[in-house]
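# Fold and geometry: a report
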Amino acid sequence: MPDVLLVDVDDRIATVTLNRPEARNALNSELLRAVPATLTELDRRDDVDVVILTGADPVFCAGLDLKELGSTGDNLRAGNATGEPTRTGKRGPFPPMAKPVIGAVNGAAVTGGFELALNCHFLVASDRARFGDTHARVGVMPGWGLSVLLPQAIGVRRAREMSLTGNFLTAQEALALGLVNHVVPHGELLAFSRGIARDIVGNDQRGVRRMLETYDAVTGVTVDEGWAVEGRMAREWQGRGIDPAEVEARRQAIVERGRTQT
C-alpha cells in the first residue's frame, strides 16, 4: 500500500504531498493522523525552513473521506474537528507551526480540504484549482476554523455566500477576492512555490519565525490590541541585542537582491 503522505526535503524546503489520488486525497483516519505528525516533525528539523503542502493530482483534497464518515465516522474523530485546542495547543488540522507553510493548491480544495488550505500561511494556486465549502450540503459543520479563516481572507459576506450555497470559486475568482496570492499554470505550480520558499529561506530564519509569530499573535485581537502586541514583541526582540556586523552583512545582501528585482 502506498504511503498516504509523501515528504521530500531539498534545499531546506520540505514538500508534503497528500497521496490518495484514487480517492481524490480524501481525508481518512490514516491521513488525518499523518498530517499533524509529519508537520510536527518538520517543524523540529534543523534542515527545514519552509514547508509546501500540496496534493497528488488531480485534486488538492476533497475533504473528509465520506465512505469512512458514513460507515465508522472514525475520520471525524481523528481530525479533532471540534474547534477546541488540545493539550498540546493543536487546533484544527495542523500543529502550532513556527515555520511557514505554503499551500500549493493543484486542484479542487473542498470542505475539509478547503479548511486544510485555509490553515496554510498563504496559498499559491494552479489554474486548475477550485475552492468550495460544501459543509451545509453534506450536513456537517466546520471545526477547523473555516468560519474564522475564510472571512479573514475574503470578507464575511462573500464567506457566507460560499458556505450557504456550496458554490465553487475558480482560481482566478479566488485571486480576485484575495483568497490566494498567485495563480500559475498547472505545470509551474511547484516550481513557482519553491521559488517563493527559496526567498524565505534566504532570510534570517529567527526573524522569519518571529515575524510569523507576530502575525499570528495580532490576528485574533482588536486593532488597538494588535498595535500593543506588535510593540511588545518588537521590544522583546530588540532587547536581545543587535550585532552591527550581522546587520551590515544582511544589508549588503538586501542591496544585491534589490538590484535583481528592479
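The present account deals with the structure reproduced in this document. Just so we're clear, the structure is a prediction, and the values are computed from it rather than from any experiment. (Residues numbered from 1 in each chain as written. Predicted model: local features only at pLDDT ≥ 70, side-chain atom pairs only at ≥ 80, totals over all residues. Heavy atoms only, no water.)

The next thing to look at is the nonpolar core. Note that soluble globular proteins tend to have their nonpolar side chains buried in a common cluster. Judged by nonpolar contacts, the single largest core of 44 residues is most densely connected at Val51, Leu53, Phe131, Leu150 and Leu179. Broken down by element, the residue count for this core peaks at six residues, all from helix H1 (residues 29-44). With 13 residues, the next largest nonpolar core counts Ile13, Ile52, Leu189 and Ile196 among its residues. (Core = buried A, V, L, I, M, F, W, Y, C linked by side-chain atoms within 4.5 Å. Buried < 20%, exposed > 50% of the residue type's maximum accessible area, 1.4 Å probe, protein only. Helix = DSSP H or I, 4+ residues; strand = E, 2+ residues; numbered from the N terminus.)

Moving on, we come to the pattern of salt bridges. Counting across every chain of the model gives nine salt bridges. Among the ionic pairs, Arg194 bridges to Asp10, the shortest N-O distance being 3.4 Å. Placement of the pair is Arg194 in helix H9 (residues 189-201) and Asp10 in strand E1 (residues 5-10), with a sequence separation of 184 residues. Here Arg194 falls in the buried class, since its relative accessible area comes to 15%. Notably, a salt bridge pairs Arg209 with Asp49, separated by 2.8 Å at the nearest N-O pair. Note that Arg209 is positioned in helix H10 (residues 205-219) and Asp49 in the loop between H1 and strand E3 (50-55), a separation of 160 residues in sequence. Relative accessible area serves as the criterion here: at 26%, Arg209 is assigned to the partly exposed category. Each of Arg210, Glu213, Arg232 and Glu236 takes part in one network of salt bridges that share partners. (Salt bridge = Lys/Arg side-chain N within 4 Å of Asp/Glu carboxyl O.)

Enumeration over the complete set of coordinates arrives at one aromatic pair. Centre to centre, the rings of Phe114 and Phe131 are 5.8 Å apart; their planes meet at 50°, and the pair counts as tilted. With Phe114 in helix H4 (residues 112-118) and Phe131 in strand E7 (residues 130-132), this pair connects stretches of sequence that are 17 residues apart. Across the pair, Phe131 and Phe114 agree in class, each one buried. (Phe/Tyr/Trp six-rings, centres within 6.5 Å; stacked < 30°, edge-to-face > 60°.)

We now examine unusual backbone geometry. The omega torsion across Asp57 and Pro58 is 20°, close enough to zero to call that bond cis. As for its placement among the helices and strands, Pro58 is situated in the loop between E3 and helix H2 (66-71). Not every positive phi belongs to a glycine, and Arg12 is a case in point at roughly 70°. Its location among the elements puts Arg12 in the loop between E1 and strand E2 (13-18). Judged by relative accessible area, Arg12 falls into the partly exposed class, the value being 34%. Phi at Arg24 is positive, roughly 55°, even though this residue is not glycine. Tracing the sequence through the fold places Arg24 in the loop between E2 and H1. Judged by its relative accessible area of 42%, Arg24 is partly exposed.

Let us look at the environment of Leu146. Looking at the secondary structure, you find Leu146 in helix H6 (residues 146-154). The class for Leu146 is buried, based on a relative accessible area of 3%. Here Leu146 is in contact with Phe114, Glu115, Leu118, Asp133, His135, Pro151 and Ser163, once residues within four sequence places are set aside. (Contact = heavy atoms within 4.5 Å.)

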